Amino acid sequence: MLSRLKNRTPGDLVFSAFVAVTLAVVVYVTLYPIFFVVIASISDPAQVSAGNVSFWPQGVNWFGYEQILADQRVWTGYRNTILYTVVGTAVNMLVTIPAAYALSRREFAARRPLMFFFAFTMFFNGGLIPTYLLYRDLGLLNNMWVFILPSALNVYNLIIARAFYENSIPEELHEAATLDGATYFSFFFKMAIPLSKAILSVIMLYYLVQHWNDFFTGLVFIRDYDKQPLQIVLRDILISNTAFAGGAGGAGGTGGGYGQQFADQIKYGVIVVSTLPVVILYPFLQKYFEKGVMIGSVKG
Amino acid sequence: MKRHFARQWQLWAMLAPAIVVTAIFAYGPMYGIQLAFREFDFAAGLTGGEWVGLKYFQQFFDSPQFWTLMRNTVTISLTTLVFGFIAPIALALLINQVIGVRRKRFTQTATYLPHFISIVVIVGMLQVFLSPSTGLITRFLENFGITGVNFLGDTSTFVPVYVISEVWQHCGWNSIIYLAALANVDTQLYEAARIDGASRFQIIRHVDIPALIPTMVILFVLNMGGVLNTGFEKIFLMQNTLNLPVSEVISTYVYKIGIVGSQFSYSTAIGLFNTIINFAFLVGANQLAKRVANTSLW
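The structure presented is a predicted model; accordingly, all values stated were derived computationally and were not measured. (Residues numbered from 1 in each chain as written. Chains lettered and ligands numbered in written order. Predicted model: local features only at pLDDT ≥ 70, side-chain atom pairs only at ≥ 80, totals over all residues. Heavy atoms only, no water.)

1. Overview of the pattern of salt bridges
Residue and element names in this part refer to chain A.
No. 1: Throughout the structure, instances matching the rule amount to 12 salt bridges over all chains.
No. 2: We note a salt bridge from Asp71 to Arg73, for which the minimum N-O separation is 3.4 Å.
No. 3: On the accessibility criterion, Asp71 (6% relative accessible area) is buried.
No. 4: The closest approach of N and O atoms between Glu107 and Arg105, which form a salt bridge, is 3.4 Å.
No. 5: Each of Arg105, Glu107 and Glu171 takes part in one network of salt bridges that share partners. (Salt bridge = Lys/Arg side-chain N within 4 Å of Asp/Glu carboxyl O. Buried < 20%, exposed > 50% of the residue type's maximum accessible area, 1.4 Å probe, protein only.)

Pasting the structure below:
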């Protein structure tokens, strides 16, 4: 197909050049800020603020990272987020996948009303205060389970997984297994699960990222700082500018142990440290993400 | 048939956790909506207070905040909707024109990387990059004679900064679905267009764009359903006293008067107003799509 699109006229050639230049600019604009954060995090802050750092770190030092690693709050946030992400994603999978399979069975009479029951919640909700009061009554305020139970099912992911089971598991396979005496349980565990590794990884990744980046839950429902996820700790360091104010043992305030310029270096470092897990995994996972979006686009 | 029915309990068992979770955590709060029509009573709990009818809605409509909140919410969400909708389509059409599989893959992969960065980090990056004294972007713009702007602290730059950063973060990701649609275009259409002497630009106009219309309609309808739901988290994190006149939106206001200020009934009423408007937009957009493009969500 691509070869057929090749240039034939001078106009096509101009068009190709336009496409190439535009996309080069787009890629540069997308990646450069991320690249800059990385080199700025290990550069001399004075050089960064003087505008001398553009493509190569200047005056390499690890002061920012030393400060971050010495700060207990970053570790606590990291530990909490890993805990919430691992437990949360496990619960997500246990709730979502069997439900998606059940909803994909065409002979299941309650299928349509149940789909409506789930899908309706995508467009209508009780709002923040009723939610808050419900969690309070359920004892979920300031409780780690608030990160796990309310988000146990993401309806969008449910629909993606259901579409996969509908379109990718041949009906004949189910009929043959049924004739051999397979129940829904045995078919699900012995056939559907092994045949759906691709969709399982897609859904798992979506949930992992969702938990890793969850900021709202910590903000609204958690009071104790030692239960806060990484994103709240990040907010304090990056945006409220508090966690490191005098954190290095200085006199406190902005005139603490180190100058304001070091605060920026720490910020760059914190961005790297907190985003690293996602970015390291990214090249390995990106084909799954893409697959997920495409399966999700199948009209269900 | 009987045996068949007897076995469906297993499907119900598989659905049970999902049903329970949805009933409690999605439908549970809907029961609490009645709070918008009641006087909240700390002692009597969620449903113990006096009925007050539409008192809290009236209070909201009469409050001096109402028009500011509506204006800000609609401005931010509609601008984001328009740019956030067009940009991925343009990007997908461009990426689709790249010849060479590896180059195409690289462009695609690079452009959707920012989608996975958390909102807190994005706002943190905006703050360091747009810092009035040392920010990377501030310094870059100085080359073009744009100086002395405090981008996050100015009422005229808040919305552009918000929208541009949204497009920067999600444009690549949102283009994937359009690229998938373009990959399904029948190659014979391209050949036919070529034989008729179409230029590459004409092919985009007459083959590619029509192929995207069904996807565009569905995504447009879905996005319309969130018009007043503009990202609470990002706006909240970007807010400061200087930009508050343009950055206070319904969702941040509900959080402040409800969770922080404990005016439960009043903020439930505002939240409900927000949800109803969203729902109306969704239904309206869906009706429109049904009539105009013969596509709909339901």
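After that view, the rundown keeps rolling.
2. Remarks on helix 1 (residues 10-41) of chain A
No. 1: For helix 1 of chain A, built from 32 residues, the straight-helix expectation of 46 Å at 1.5 Å per residue is met to within 8% by its first-to-last C-alpha distance of 46 Å.
No. 2: The sharpest bend along helix 1 of chain A reaches about 30° and sits at Tyr32 of chain A, with the proline Pro33 of chain A one to four residues further on. (Helix = DSSP H or I, 4+ residues; strand = E, 2+ residues; numbered from the N terminus. Expected span 1.5 Å × (residues − 1). Bend = angle between axes of the 7 residues up to and from the residue.)

3. Side note on the interface of chain A and chain B
No. 1: Each partner contributes residues to the interface: chain A has 96 residues there, and chain B has 95 residues.
No. 2: A combined buried area of about 9000 Å² lies between chain A and chain B, and 77% of that area is made up of carbon and sulfur atoms.
No. 3: Linking chain A with chain B are one salt bridge.
No. 4: For Asp12 of chain A, the salt bridge is made with Arg194 of chain B, and the minimal N-O distance between the two is 3.3 Å.
No. 5: Across the chain A-chain B interface, the total number found is 13 residue pairs in polar contact (both at pLDDT 80 or more). (Contact = heavy atoms within 4.5 Å. Buried area = accessible area lost by both parts, 1.4 Å probe. Polar contact = N/O pair within 3.5 Å; in protein donor to acceptor, adjacent residues only side chain to side chain.)

4. Overview of the domain arrangement of chain A
Quite often, the size of an interface is put as the accessible area lost when its parts meet.
Residue and element names in this part refer to chain A.
No. 1: Split by domain assignment, chain A resolves into domain 1 (1-60) and domain 2 (68-246 + 256-295).
No. 2: The centre of domain 1, based on its C-alpha atoms, is set 32 Å off from the matching centre of domain 2.
No. 3: In this complex, domain 1 contributes 10 residues to the contact, which on the side of domain 2 involves seven residues.
No. 4: Buried surface at the junction of domain 1 and domain 2, both sides included, amounts to about 660 Å², of which 74% is carbon and sulfur.
No. 5: Broken down residue by residue, the surface that domain 1 buries against domain 2 is led by Val37, Ser41 and Pro45, which jointly contribute 65%.
No. 6: Inspection of the region where domain 1 meets domain 2 yields zero salt bridges.
No. 7: The interface formed by domain 1 and domain 2 holds two residue pairs in polar contact (both at pLDDT 80 or more) in total.
No. 8: Those elements giving two or more residues to the side of domain 1 that touches domain 2 turn out to be helix 1 and helix 2 (45-49).
No. 9: A total of five residues in the side of domain 1 that touches domain 2 trace back to one element, the largest contributor, which is helix 1.
No. 10: Considering only residue class, the side of domain 1 that touches domain 2 consists of eight nonpolar, two polar and no charged. (Domains from an automatic or database assignment. Nonpolar A, V, L, I, M, F, W, Y, C, P; charged D, E, K, R; others polar.)

5. Points about helix 2 (residues 9-31) of chain B
No. 1: Taking 1.5 Å of rise per residue, 23 residues should cover 33 Å, yet helix 2 of chain B covers just 29 Å from first to last C-alpha, more than 12% shy of that figure.
No. 2: At Leu15 of chain B, helix 2 of chain B is bent by approximately 45°, the largest bend along its length, and proline Pro17 of chain B sits one to four residues beyond.

6. Regarding the confidence of the model for chain A
No. 1: Put simply, chain A has an average pLDDT of 86, and 89% of its residues get 70 or more.
No. 2: Segment residues 245-257 of chain A is flagged for pLDDT under 50; beyond a separation of four residues in sequence, or across chains, it makes 14 contacts in the model. (pLDDT = per-residue confidence, 0-100.)

7. A look at the packing of aromatic side chains
No. 1: Taken as a whole and assessed by the stated rule, the structure comprises 49 aromatic pairs over all chains.
No. 2: Ring centres of Tyr28 of chain A and Tyr32 of chain A lie 5.3 Å apart, and the angle between their planes is 15°; this geometry places the pair in the stacked category. Of this pair, Tyr28 of chain A and Tyr32 of chain A both sit in helix 1, four residues apart, roughly one helical turn.
No. 3: The exposure class of Tyr28 of chain A is partly exposed, given its relative accessible area of 45%.
No. 4: Centre to centre, the rings of Phe216 of chain A and Phe221 of chain A are 6.4 Å apart; their planes meet at 80°, and the pair counts as edge-to-face.
No. 5: With relative accessibility at 24%, the residue Phe216 of chain A sits in the partly exposed group.
No. 6: Above the ring of Trp51 of chain B, the side-chain terminus of Arg38 of chain B is found at 4.1 Å from the ring centroid.
No. 7: Sitting over the ring of Tyr162 of chain B, Lys234 of chain B keeps its end group 4.7 Å from the ring centre. (Phe/Tyr/Trp six-rings, centres within 6.5 Å; stacked < 30°, edge-to-face > 60°. Lys NZ or Arg CZ within 6 Å of the ring centre and 35° of its normal.)

8. Considering the environment of Phe164 of chain A
Residues and elements named next belong to chain A.
No. 1: Tracing the backbone shows Phe164 in helix 7 (residues 155-168).
No. 2: Put simply, Phe164 and Gly292 are 128 residues apart on the chain and 9.7 Å apart in space, counted from C-alpha to C-alpha.
No. 3: When neighbours within four sequence positions are excluded, Phe164 is seen to be in contact with Ile169, Leu195, Ser196, Ile199 and Ile295.

9. A closer look at the side chain of Thr217 of chain A
All names here are of chain A.
No. 1: Assignment of secondary structure puts Thr217 in helix 11 (residues 216-221).
No. 2: Owing to a relative accessible area of 11%, Thr217 belongs among the buried residues under this scheme.
No. 3: For Thr217, the side chain forms a polar contact with the side chain of Asp214, separated by 2.6 Å.

10. Things to note about the UniProt feature "transmembrane region" (unreviewed entry) in chain A
Residue and element names in this part refer to chain A.
No. 1: What UniProt calls "transmembrane region" (unreviewed entry) maps, in this numbering, to residues 12-42, 82-103, 115-135, 147-165, 185-209 and 266-285.
No. 2: Here residues 12-42 is 97% helix and 0% strand, with 45 Å between the C-alpha atoms at its ends.
No. 3: Within the segment residues 185-209, helix and strand shares are 96% and 0% respectively, and the terminal C-alpha atoms sit 30 Å apart. (UniProt positions renumbered as here; feature names shortened; annotations may be inferred.)

11. A look at the packing of helix 4 (residues 72-104) of chain A against helix 10 (residues 197-212) of chain A
Residue and element names in this part refer to chain A.
No. 1: The N-to-C vectors of helix 4 and helix 10 enclose an angle of 140°; their axes lie 9 Å apart at closest approach. Like other packed secondary-structure pairs, helix 4 and helix 10 cross with a definite hand, here right-handed. Taken together, the residues of helix 10 that come into contact with helix 4 (itself represented by Tyr78, Thr81, Ile82, Tyr84, Thr85, Gly88, Thr89, Asn92, Met93, Thr96 and Ile97) are Leu200, Ile203, Met204, Tyr207, Leu208, His211 and Trp212. (Axes fitted to C-alpha atoms, helices over the stretch in contact; angles between N-to-C directions. Left-handed = near helix turned anticlockwise from the far one by under 90°.)

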